[in-house]
Amino acid sequence: IGWCKFLTGSVDGVVPNFEQAIRLSPHEPGIAPWYGRLGVVHLLQSHLDEAIASLEKARSENARLPFVHAWLAAAFALKGEDKRAHSELAEAQQLSDAYASVASVKKSNWFAKPEIRALAEATYFVGLRKAGMPEQ
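In this text, all values refer to a predicted model and were calculated from it rather than measured experimentally.

Some details on the packing of aromatic side chains
The relation between two aromatic rings is expressed through the spacing of the ring centres and the mutual angle of the planes.
Consideration 1: Tallying each qualifying case throughout the model produces 12 aromatic pairs.
Consideration 2: Pairing F111 with F125 gives two aromatic rings, centres 5.1 Å apart and planes at 65°, and the pair type is edge-to-face. With F111 in the loop between α7 (102-105) and α8 (114-122) and F125 in helix α9 (residues 124-131), this residue pair connects regions lying 14 residues apart in the sequence.
Consideration 3: Judged by relative accessible area, F111 falls into the buried class, the value being 3%.
Consideration 4: Under the relative-accessibility criterion, F125 is labelled buried at 0%.
Consideration 5: With a centroid separation of 5.7 Å and an interplanar angle of 40°, the aromatic rings of Y124 and F125 are classed as tilted. Like Y124, the residue F125 is buried in the burial classification.

Printed below as a string of structure tokens:
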């Protein structure tokens, strides 16, 4: 339900849905993306500490998810932790060409809805630029 809300343009009430999914199936082999998505929503809401905590859990469960590294890069950059931001960005870019530029990241269907895109413009994309991601 939380992911459907997100994809239809809302972050309201998504966090409790994601937390419930994690609580109901904490040993799910695919738990890493859920921690990652939780971190995404926290970052979009400018809750940097919560975003980092969730994204680090996702990374510890599966270090091969490029989106987790990209969102961590943005979160660390927004907190002024430049070295960590650059490291996470480099890892995201090594794992996927989709993280070559801000323009390529913006192509994701995650940002199709104007409400989510506006939140990303104010947080995620700013963080990616601060982490060193080129615009084009």
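Observations concerning the pattern of salt bridges
Consideration 1: Applying the stated criterion to the full structure yields seven salt bridges.
Consideration 2: With a closest N to O distance of 3.7 Å, E56 and R59 form a salt bridge. Of this pair, E56 and R59 both sit in helix α4 (residues 48-61), three residues apart, which is roughly one turn of the helix.
Consideration 3: Under the relative-accessibility criterion, E56 is labelled partly exposed at 24%.
Consideration 4: Using a relative accessible area of 24% as the deciding quantity, one classes R59 as partly exposed.

Considering helix α5 (residues 66-78)
Consideration 1: Between the first and last C-alpha of α5 there are 19 Å, a value that for 13 residues agrees with the 18 Å anticipated at 1.5 Å per step.
Consideration 2: When we look at burial in α5, the residues that qualify are P66, F67, V68, H69, A70, W71, L72, A73, A74, A75, F76 and A77.
Consideration 3: Backbone geometry just after α5 places G80 at a positive phi near 85°.

Notes on the nonpolar core
Consideration 1: Residues F6, W71, F111, Y124 and L128 are the most contacted members of the largest nonpolar core, which totals 46 residues.
Consideration 2: By residue number, the principal contributor to this core is α5, which donates 10 residues.
Consideration 3: With residues up to four places along the chain from it excluded, the contact list for W71 reads V40, L43, L44, L55, W110, F111 and Y124.

What counts and how
Residues numbered from 1 in each chain as written. Predicted model: local features only at pLDDT ≥ 70, side-chain atom pairs only at ≥ 80, totals over all residues. Heavy atoms only, no water. Phe/Tyr/Trp six-rings, centres within 6.5 Å; stacked < 30°, edge-to-face > 60°. Helix = DSSP H or I, 4+ residues; strand = E, 2+ residues; numbered from the N terminus. Buried < 20%, exposed > 50% of the residue type's maximum accessible area, 1.4 Å probe, protein only. Salt bridge = Lys/Arg side-chain N within 4 Å of Asp/Glu carboxyl O. Expected span 1.5 Å × (residues − 1). Core = buried A, V, L, I, M, F, W, Y, C linked by side-chain atoms within 4.5 Å. Contact = heavy atoms within 4.5 Å.

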